[in-house]
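# A structural walkthrough
What follows is each chain in one-letter form.
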Amino acid sequence: MRRAELAQRLIGADAKVRRHILAENAEYTDLRLAEAIRLACIAAWSSDPQRVKQCVAAAKSLARVNYEALVTANADWTSGIGEIVAGAFDSAVDKLARAAVAFSIAGNEIESAQTKVASLLALAMLGRYDDAIEAGLSAIPFLTKHGDGLTAGKIEMNLSNIFSRRSDHREAERFCSSARKRFIKAGETKWQAMAENGLANTYAELNDFTKSERFYSLAFETAVAAKMHVTEAEIEASMGNLALFRGRYADALRYLELSRRKFEVLAMPHQTAIADLEIADIYAELNLNAEAIEIYARVADSFHALKLRAEEARTRLNFGRSAMKIGDQKTAGKQLAKAAKLFLSEKNTAGLAASNIAKGRLTLDHGDLGKVFSIIENTKEYLAATQDPRLLIAVQLIEGEACLLSGDTARAEVTFETALADAKSLHQSDAVQRSLNFLAKTALVRGDKKAAESFLKRSIRIVEGLRSPLASEEFSMSFLAARLEPFDDLVKLYLAENRVADAFRTIENRRSRFLFDTLRSENTTGVPDDLSAEMMRVREELNSYYKRLDRAEPDDDLSALNTAIRQREARVSKMAREIASLATKSGDPQAQSRLGLRKLQKQLGRRRSLIEFVEIDGVFSAFVVTGSKVRFIQGLAAASEIAGDLDDLHFQFGSLRYGTAGMERFLDQMTTRSNTCLERLYDRLIAPIEHLLSGDSLVIVPAGLLYYVPFHALFDSERYLVERFETTYAPSAGVWDNLQEREARSIESSLLVGFADERIPLVEKEVEAIRRIVAKPKTLTGNNATFAAFTKNAGKPDLIHLACHGQFRSDNPMFSSLHLADGWVTVRDICEQRISAELVVLSACETGLNKVFAGDEILGLARAFLSAGAASLIVSLWTVNDTAASRLMLDLYNEIQRGNSPGASLRQAQLNAIKLGEHPYLWAPFVRIGR
């Protein structure tokens with residue numbers, strides 16, 4: 001008992017105190033004390049890496065005062081465990097080997113055999129599988145003969161891990177199952193938990209998900225109860241991988257992020273690198289390939305330095321796959337070749353098959369069909385020696401696609417049907433969805449449109465089921481961006497059959513879906529307080545750099561400031577993904593109603609027409625929806641033509657960017673030139689459909705480049721569109737319809753926020769003038785115009801007016817921002833607010849600009865305020881003229897105070913400017929988005 005207590009004191013002490021303790025207790029510094037320290041180290045191995053380090057230090061201190069061979073052997077054994085925890089496997093093997101030799105020389109064969117428990121793990125991590133297997137198999141009979149079933153079980157556990165790393169999962173199951181029985185018999189619950197985690201991993205690889213979940217549950221319960229923090233983190237990572245296998249992406253994100261955070265805290269380099277790799281894999285599945293590649297590039301070097309060949313091979317394989325997706329074929333080929341070489345050295349046939357499949361995908365993208373078929377046959381030979389049926393599905397999909405491209409539709413169809421059946425039996429949702437896509441293509445080649453429609457509808461339902469639980473717009477948008485094909489193909493099918501209403505509904509199902517879900521009151525919860533606090537700290541730091549950049553003098557190091565800003569923006573983006581991974585989404589978006597066409601038409605009534613533009617194969621077309629009909633007008637203009645027209649328009653507007661002073665005598669000529677550009681856009685986009693429009697109001701749903709077109713300012717050679725119609729913009733018909741459902745609020749209270757800088761010096765005068773007009777104004781200007789004050793006051797007003805400088809960041813739209821007294825307020829900041837305003841007016845530059853993502857999801861300040869709860873917004877499409885903007889705002893609020901709606905009031909303010917002969921650059925930047 002004395003030595004056990006002394007061991008605990010030594011382990012908990014620092015170096016100086018430890019020397020003093022050893023000197024005071026010299027009579028106890030013997031082999032029994034060394035063994036007590038080693039046993040404490042073994043006990044801490046699965047739960048407390050920091051304590052393992054302390055045990056190593058204590059064992060080394062003892063060996064310095066007692067030079068006996070077995071004391072040194074115990075110190076080597078303890079140090080070997082410490083090296084494993086630190087990821088230094090080469091050193092671990094050497095130290096454990098020295099310990100084994102010392103025990104053997106001393107005639108202690110049991111102790112010598114027991115060192116193999118740790119050395120097997122280190123050998124396996126280094127890829128020295130044959131050495132590990134030979135050592136393990138030779139030790140088991142000896143240990144069993146001497147009644148040490150516990151150590152025999154530990155060796156079987158390590159052998160199971162080795163066979164698992166070689167993808168020999170049946171052998172892995174056999175050894176792990178035997179080990180578990182030994183642990184149960186010995187009453188060793190901690191090792192039992194690790195065995196159950198190993199069995200769960202094995203069953204997941206064998207696609208027996210029911211057994212896998214059962215063993216994960218057993219293992220996790222035991223690990224938590226026993227405070228086995230390392231094992232707990234390993235189980236969470238395993239549960240994340242199982243969720244990933246099954247297409248449960250939200251669960252996978254949560255488990256993998258929980259695991260990564262635990263390993264980071266535990267300071268285990270190799271486990272942290274593995275956790276990062278698993279995060280990268282889920283990012284790649286969600287189509288966040290740039291983010292995944294950044295992680296792959298980093299951890300591949302870590303694994304190489306740690307000599308973890310299996311992990312490096314997997315990293316480079318997935319690195320190559322992600323590089324392929326972004327079109328970087330050179331990097332893809334390089335990484336796939338490295339992966340194949342590593343898998344070959346590991347004798348991992350499943351890994352070689354996976355590398356070959358990726359190589360086949362790369363070759364298919366190059367169009368070399370003959371080579372693809374050769375690779376497929378070679379891969380099937382590898383698959384015959386593996387136990388991974390998921391890889392066979394991947395081969396079938398590539399083979400079917402190659403057959404389809406070569407014109408062998410019959411063989412392609414059979415192959416896709418086989419892939420579909422296998423994917424369904426293995427619960428591989430993503431593979432089922434891809435199989436259905438391809439079967440739809442083969443059905444269309446055969447002319448069977450009914451079958452194609454059925455396949456595409458089923459595919460879309462799977463996409464929605466996989467997407468809907470994702471709690472962040474970044475995850476949801478990226479995932480959907482890679483899976484829009486069935487939506488697009490179904491739209492084309494419907495249009496070919498003149499089923500216009502069905503085509504319109506399908507377009508709406510994929511359009512601005514995350515924003516639509518947000519407006520349906522989807523809330524997220526479950527973010528740890530410490531992560532939220534860290535995010536706040538980094539954002540405050542970022543804001544301080546923004547301020548320093550604002551105040552920078554010409555001789556300041558602007559490059560260093562911008563570098564610091566980009567680094568912190570990257571950190572904020574990374575943490576936002578971590579927070580989104582841990583968040584849970586309430587409600588079931590799939591259960592929510594999709595756009596009801598009749599309901600939409602009822603909302604439109606006789607007064608309104610909705611124009612929803614679509615871009616199909618680089619050409620813009622439009623749906624026109626009125627209270628009674630839905631029509632489709634195909635082929636309005638090529639995207640390249642619109643891009644040219646917008647360039648010309650922006651060139652004309654550019655001459656007025658700094659005001660009209662000194663240009664008065666040229667204004668008529670400049671207006672004529674701008675009108676020519678606006679007329680070209682009118683002729684392309686509105687003239688072909690104007691005969692279908694009814695009423696006096698338009699709802700415009702842009703697409704792609706059309707988000708940058710000022711439709712209300714388009715010119716028909718006599719009048720601007722705003723002179724004929726009150727115009728509202730919306731990200732989708734569903735979003736507009738959803739906003740109509742809200743009860744309209746009369747504007748009875750106002751919050752006015754104004755912050756001037758050298759670019760917009762008249763802001764405070766603008767706010768003061770508006771204050772005299774609007775209802776119950778609360779004003780925040782100058783140093784009082786802070787975001788903190790805005791947050792405190794923004795929840796209840798019916799009207800919010802923000803007059804400040806704004807900037808749109810096309811490189812990273814989430815950092816588009818408004819300039820207030822305490823710094824820059826970003827899209828992220830605004831999304832986190834909860835406001836209920838009927839109208840938000842952003843009297844600033846470029847506040848209406850958005851980056852348009854696949855699925856016509858928009859990111860920018862307008863999106864942020866809609867997400868925060870605004871019913872409608874007035875924002876600007878380009879840099880505004882300070883004087884003209886102030887005049888237009890006064891007209892706007894005078895009209896609102898007369899009882900007119902925000903839309904009618906904006907229109908009247910713009911009509912007033914037109915009557916005064918103002919250039920469209922001055923009055924047209926402001927648009928209304930929302931209801």
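Quick caveat: nothing in here was measured; it's all calculated off a predicted structure.

The subject of this paragraph is the confidence of the model for the protein chain. In the predicted model, the protein chain carries a mean pLDDT of 89, and 96% of its residues have values of at least 70. Taken together, the stretch residues 589-593 has pLDDT below 50 and engages in 13 contacts with residues farther than four places along the chain or on a different chain.

The next subject is the packing of helix H6 (residues 89-105) against helix H7 (residues 109-125). Axis separation between H6 and H7 bottoms out at 9 Å; the angle between their running directions is 165°. Taken together, H6 and H7 sit at an angle that is classed as roughly antiparallel. Judged by the sense of rotation from one axis to the other, the crossing of H6 with H7 is left-handed. Together, Phe89, Ala92, Val93, Leu96, Ala99, Ala100, Phe103 and Ser104 of H6 and Glu109, Glu111, Ser112, Thr115, Ala118, Ser119, Ala122, Leu123 and Met125 of H7 make up the contact between the two elements. Counted by class, the contact of H6 with H7 contains 11 nonpolar, four polar and two charged residues.

We now examine the sheet that holds strand S11 (residues 806-807). Taken together, three strands build an open sheet; the order of strands is S11-S12-S13 and the sheet is antiparallel. Looking at which strands have only one partner, the edges of the open sheet turn out to be S11 and strand S13 (823-826). Pairing of S11 with strand S12 (residues 817-820) involves two bridges; the strand directions are antiparallel. Note that in S12 the partner of glutamine 807 across the bridge is serine 817. Its contacts with the sheet put helix H29 (residues 529-550) on S12 and S13, and the angle it makes with S13 is roughly 130°.

Applying the stated criterion across every chain yields a total of 72 salt bridges. When the shortest N-O distance is used, the salt bridge between glutamate 741 and lysine 599 registers 2.5 Å. Here glutamate 741, found in the loop between helix H34 (733-740) and strand S8 (750-754), pairs with lysine 599, found in helix H31 (residues 597-604); they are 142 residues apart in sequence, far enough to count as distant. Relative accessible area serves as the criterion here: at 43%, glutamate 741 is assigned to the partly exposed category. The salt bridge involving arginine 684 is made with aspartate 645; its shortest N-O contact spans 2.6 Å. Of this pair, arginine 684 sits in helix H33 (residues 667-685) while aspartate 645 sits in helix H32 (residues 639-654), and the two are 39 residues apart along the sequence. Connected through salt bridges with shared partners, the residues Glu453, Lys457, Glu497, Arg499, Asp502 and Arg505 form a single ionic network.

On to the nonpolar core. Ile37, Ile282, Tyr283, Phe504, Leu600, Leu610 and Phe623 are the most contacted members of the largest nonpolar core, which totals 194 residues. At nine residues, the largest contribution of residues to this core is made by helix H15 (residues 269-285). Among residues more than four places away in sequence, those in contact with tyrosine 283 are Leu253, Leu288, Glu291, Ala292, Ile295, Phe475, Arg577 and Ser581. The next biggest cluster of nonpolar side chains, apart from the first, holds 113 residues, and it includes Val767, Ala844, Ala913 and Trp923.

Reading guide: rules and limits
Residues numbered from 1 in each chain as written. Predicted model: local features only at pLDDT ≥ 70, side-chain atom pairs only at ≥ 80, totals over all residues. Heavy atoms only, no water. pLDDT = per-residue confidence, 0-100. Contact = heavy atoms within 4.5 Å. Axes fitted to C-alpha atoms, helices over the stretch in contact; angles between N-to-C directions. Helix = DSSP H or I, 4+ residues; strand = E, 2+ residues; numbered from the N terminus. Parallel < 35°, antiparallel > 145°, perpendicular 65-115°, else oblique. Left-handed = near helix turned anticlockwise from the far one by under 90°. Nonpolar A, V, L, I, M, F, W, Y, C, P; charged D, E, K, R; others polar. Pairing = 2+ DSSP bridges. Salt bridge = Lys/Arg side-chain N within 4 Å of Asp/Glu carboxyl O. Buried < 20%, exposed > 50% of the residue type's maximum accessible area, 1.4 Å probe, protein only. Core = buried A, V, L, I, M, F, W, Y, C linked by side-chain atoms within 4.5 Å.

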